[in-house]
Amino acid sequence: MPGLGYFDPQAGSLLVVPLIVRNQVIGLLALDDTRPNALSDEIRLLTIVAAQAAVAIENAQLYESLQASYHDLEAAYDALRELDRMKSELIQNISHELRTPLTFIRAISSCSKMGTWAT
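Presented here is a report on the structure given in the accompanying data block. (Residues numbered from 1 in each chain as written. Predicted model: local features only at pLDDT ≥ 70, side-chain atom pairs only at ≥ 80, totals over all residues. Heavy atoms only, no water.)

What you see with strand E1 (residues 13–21) is a clean split: Ser13, Leu15, Val17, Leu19 and Val21 sit on the buried side and Leu14, Val16, Pro18 and Ile20 on the side with no burial. Looking at chain direction, E1 and strand E2 (residues 24–33) are connected through 9 bridges and run antiparallel. Note on E2: the bridge partner recorded for valine 16 is alanine 30. Counting the residues in the hairpin turn of E1 and E2 gives 2 residues, including arginine 22, whose phi is positive at 55 degrees. (Buried < 20%, exposed > 50% of the residue type's maximum accessible area, 1.4 Å probe, protein only. Helix = DSSP H or I, 4+ residues; strand = E, 2+ residues; numbered from the N terminus. Pairing = 2+ DSSP bridges.)

Listed below in structure tokens is the structure:
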């Protein structure tokens, strides 16, 4: 049987059950036996195991996706924090650079108002 992966050519019975998540087949669970018609009693059990395996696989994929999203969000938050630090530093530098000339202008204005400005 091509497409099912490993298949024992001496198998007399083969039972294949789909792994279904959200109405989509995500894989197959296969069981074989060398005796003909040996697996008819295992259909219900294998169907239950396949359903549980499908849920476990989906949960693992969701967890992996959540971890990736968390790491992306953490990196974006770190970048935002760095941008905020740079913004604060820029504002502090601009404030300092503006204060120096303003102090000088205030001193000149004050001297001019008091008439103590030497010409």
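A separate point is a nonpolar patch on the surface. Side chains of Leu90, Ile94, Leu98, Leu102, Phe104 and Ile105 sit close together on the surface and give an oily, nonpolar patch of about 600 Å² of accessible area. Position of isoleucine 94 among the secondary structure elements: in helix H1 (residues 43–114). (Patch = residues over 30% accessible without salt bridge, like charges linked within 9 Å, V, L, I, M, F, W, Y side chains within 5 Å. Areas by Shrake-Rupley, 256 points an atom, 1.4 Å probe, with all protein chains shown as cover. Salt bridge = Lys/Arg side-chain N within 4 Å of Asp/Glu carboxyl O.)

Our focus in this paragraph is the nonpolar core. Leu15, Val17, Leu19, Val21, Leu39, Leu46, Ala50 and Ala54 form the largest nonpolar core, which has 8 residues in total. Among the elements of the structure, E1 and H1 are those that each provide at least two residues to this core. Here this core takes 4 residues from E1, the largest share from any one element. If we ignore the near neighbours within four places in the chain, the residues touching valine 21 are Ile26, Ala54 and Glu58. (Core = buried A, V, L, I, M, F, W, Y, C linked by side-chain atoms within 4.5 Å. Contact = heavy atoms within 4.5 Å.)

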